[in-house]
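Residues per chain, in single letters:
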Amino acid sequence: MDLLAALNTGHEGGCGTLHANTAGDVPARLEALACAAGLSREAVHSQIAAALDAVIHLVRDPGGGRRRLAEICLLVRRSSGLVEASPALTFPPDGPPVPGPAFPALASRVPAIARLFGLT
């Protein structure tokens, strides 16, 4: 709740960390934590939608323990009112990044992203 409250203060930009198994699990993880703190499911998803745009998911590589970028997802509020993570870029352990369904929206928000990852 503290993270969502801090991100919803009206200031542009911010970041935080959260432990979740995948980027797609972030809305459910936030929901579980915030509901345990007494917020309703609807209120949690309203807070998530207002506070967060994207999730950057890191994983630990087997063997060496180094962290690497695994996925960038955009958070999208569905007609149900619930927030879901939509993949924009997936980074396989070997090979180039793979654009996902949310890539056009990510590229429109951050025009340099397509050039940065060689996806122009």
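Here the structure is shown first, and the text comes after it.
Residues numbered from 1 in each chain as written. Predicted model: local features only at pLDDT ≥ 70, side-chain atom pairs only at ≥ 80, totals over all residues. Heavy atoms only, no water.

### With respect to helix 2 (residues 26–36)
The set of residues buried in helix 2 consists of Val26, Pro27, Leu30, Glu31 and Ala34. Buried residues of helix 2, viewed axially, fall in a sector of 135 degrees; they line one side. For helix 2, the secondary structure elements touched by its buried residues are helix 3 (41–51), strand 1 (54–60), strand 2 (67–77) and strand 3 (83–90). (Buried < 20%, exposed > 50% of the residue type's maximum accessible area, 1.4 Å probe, protein only. Helix = DSSP H or I, 4+ residues; strand = E, 2+ residues; numbered from the N terminus. Arc of directions from axis to C-beta. Contact = heavy atoms within 4.5 Å.)

### Quick look at the nonpolar core
Within the largest apolar cluster, 14 residues are counted, with the highest numbers of intra-cluster contacts made by Leu30, Ile48, Leu52, Val55 and Leu75. Those elements that place two or more of their residues in this core are helix 2, helix 3, strand 2 and strand 3. Residues contacting Val55, with those up to four places away along its chain left out, are Ala23, Val26, Glu71, Ile72, Cys73 and Leu75. Formed by 11 residues, the second largest nonpolar core is a distinct cluster that contains Ile72, Leu74, Leu106 and Ala107. (Core = buried A, V, L, I, M, F, W, Y, C linked by side-chain atoms within 4.5 Å.)

### Side note on the sheet that holds strand 4 (residues 98–99)
Pairing in this open sheet of 4 strands is antiparallel, and the strands run 1-2-3-4 from one edge to the other. Each having just a single partner strand, strand 1 and strand 4 make up the two edges of the open sheet. In this sheet, strand 3 lies alongside strand 2 in antiparallel orientation, the contact comprising 7 bridges. Bridging from a neighbouring strand, Glu71 pairs with Thr90 of strand 3. The sheet contacts of helix 3 involve strand 2 and strand 3, and relative to strand 2 the element is tilted by about 115 degrees. (Pairing = 2+ DSSP bridges. Axes fitted to C-alpha atoms, helices over the stretch in contact; angles between N-to-C directions.)

### Observations concerning the packing of helix 2 against helix 3
Interaxial distance between helix 2 and helix 3 falls to 9 Å at its minimum, and their mutual angle equals 125 degrees. As far as their axial angle goes, helix 3 and helix 2 are oblique. Remark: the crossing between helix 2 and helix 3 carries right-handed chirality. Contact with helix 2, carried on its side by Pro27, Leu30, Glu31, Ala34 and Cys35, involves Arg41, Val44, His45 and Ile48 of helix 3 and no other residues of that element. (Parallel < 35°, antiparallel > 145°, perpendicular 65-115°, else oblique. Left-handed = near helix turned anticlockwise from the far one by under 90°.)

### Side note on the pairing of strand 1
Pairing analysis gives 7 bridges linking strand 1 to strand 2, with the strands arranged antiparallel. The partner of Arg60 across the bridge, within strand 2, is Arg67. Taking the residues between adjacent antiparallel strands as the criterion, strand 1 and strand 2 are bridged by 6 residues, where Gly63 takes a positive phi near 90 degrees.

### A word on the side chain of Glu31
Looking at where Glu31 falls in the secondary structure, it is placed in helix 2. Polar side-chain contacts of Glu31 include one of 2.7 Å to the side chain of His45. With residues near it in sequence (within four places) discarded, Glu31 still touches Arg41, Val44 and His45. (Polar contact = N/O pair within 3.5 Å; in protein donor to acceptor, adjacent residues only side chain to side chain.)

### Let's talk about the pairing of strand 3
Here strand 2 hands over to strand 3 after 5 residues, with Gly81 in that stretch at a positive phi of 95 degrees. In the sheet, strand 3 pairs with strand 4 via 2 bridges, with the strands oriented antiparallel. Following the sheet pairing, Thr90 is matched in strand 4 by Val98.

### Here we look at helix 3
Listing the buried residues of helix 3 in full gives Val44, His45, Ile48 and Ala51. Axial view of helix 3: buried residues confined to an arc of 135 degrees, hence all on one face. Turned more than 90 degrees from where helix 3 packs its buried face, Glu42 and Ala50 sit exposed.

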